[in-house]
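Examination of the molecular architecture
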Amino acid sequence: MSPYGRIFTEDILRTIFPPERTEAFFEALFGDAEEGSYDIALAYGGAEGQVLNFELKLVQRPGKCLACNLTYGLPQVFSRHPVINVNGIADAVAQAAGAPSAEWQLGNTRELSRELHVIPLTITLA
């Protein structure tokens, strides 16, 4: 396991992107957290030098539909949304990794299954 794999445990990932942030996102978006069709979680996917690969996992909620048309535009929404706060995620990752700063980039939504879509998040440590 790489040193970053030992840093970015499930507990640390939940600290960086707590589950409550999903509720806050849908509350801000729709005025009601119950309207959300998925939960959002941060997952670590490995590293290549100073480039760390994460994913924002969109997991369908029971009884809801995770339709592609709901998730394909999310990288643009997430990149600017203050509740998701991708800048804050990148800063927290840099701090956990002992780096002074980081740059980030969101990729296109990928449908892994009907119940799981992911948005790649690449964080480059400075």
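Scroll up for the structure.
To keep things clear, this report deals only with the structure shown in the data block. (Residues numbered from 1 in each chain as written. Predicted model: local features only at pLDDT ≥ 70, side-chain atom pairs only at ≥ 80, totals over all residues. Heavy atoms only, no water.)

Let's talk about the packing of aromatic side chains
Selection rule: Working definition: rings of Phe, Tyr and Trp (its six-membered ring) pair if their centres are within 6.5 Å, and the pair is stacked with planes under 30 degrees apart, edge-to-face with planes over 60 apart, and tilted otherwise. A run of DSSP states H or I qualifies as a helix once it reaches four residues; a run of E qualifies as a strand once it reaches two. Both are numbered from the N-terminal end. Each residue gets one of three labels from its accessible area relative to the maximum for its type: buried under 20%, exposed over 50%, partly exposed in between, using a 1.4 Å probe on protein chains only.
Overall, the coordinates contain 7 aromatic pairs when judged by the stated rule. With centroids separated by 5.2 Å and ring planes inclined at 85 degrees, the aromatic side chains of phenylalanine 8 and phenylalanine 54 adopt a geometry described as edge-to-face. Highlighted residues: phenylalanine 8 in the loop between helix H1 (3–7) and helix H2 (10–16) and phenylalanine 54 in strand S2 (residues 51–60), separated in sequence by 46 residues. There is no split in this pair, since phenylalanine 8 and phenylalanine 54 are both buried. Between phenylalanine 26 and tyrosine 38, the ring centres sit 5.0 Å apart and the planes meet at 70 degrees, which makes this aromatic pair edge-to-face. With phenylalanine 26 in helix H3 (residues 20–30) and tyrosine 38 in strand S1 (residues 38–48), this pair connects stretches of sequence that are 12 residues apart. Taking the relative accessible area as the measure of exposure, tyrosine 38 reaches 4% and is therefore buried. In this structure an aromatic cluster arises from ring pairing among Phe25, Phe26, Phe30, Tyr38 and Phe78.

Observations concerning the environment of alanine 28
Rules: In this analysis, two residues are considered to be in contact whenever any of their non-hydrogen atoms come within 4.5 Å of each other.
Locating alanine 28 in the fold gives a position in helix H3. Once residues within four sequence positions are removed from consideration, alanine 28 is found in contact with His81 and Val83.

Things to note about the pattern of salt bridges
Here is the rule we go by: The rule for a salt bridge is simple: a side-chain nitrogen of Lys or Arg has to be within 4 Å of a carboxyl oxygen of Asp or Glu.
Scanning the entire structure with this criterion turns up 5 salt bridges. A salt bridge links glutamate 10 to arginine 14, with the shortest nitrogen-to-oxygen separation between them at 3.8 Å. With glutamate 10 and arginine 14 both in helix H2, this residue pair falls 4 residues apart, about one helical turn. Aspartate 11 serves as the salt-bridge partner of arginine 14, at 2.6 Å between the closest nitrogen and oxygen. Placement of the pair is arginine 14 and aspartate 11 together in helix H2, with a separation of 3 residues, close to one helical turn. Its relative accessible area of 40% is what places arginine 14 among the partly exposed residues.

A short note on helix H6 (residues 86–97)
Put simply, the test is: Expected span of a helix: the number of residues minus one, times 1.5 Å. What the arc covers is the set of directions going from the helix axis to the C-beta atoms.
Along its 12 residues, H6 runs 16 Å from first to last C-alpha, staying within 8% of the 16 Å computed at 1.5 Å per residue. If you check which residues of H6 are buried, you get Val86, Ile89, Ala90, Val93 and Ala94. One side of H6 holds all its buried residues, which, seen down the axis, span an arc of 135 degrees. Immediately downstream of H6, the backbone of glycine 98 shows phi near 80 degrees, a positive value.

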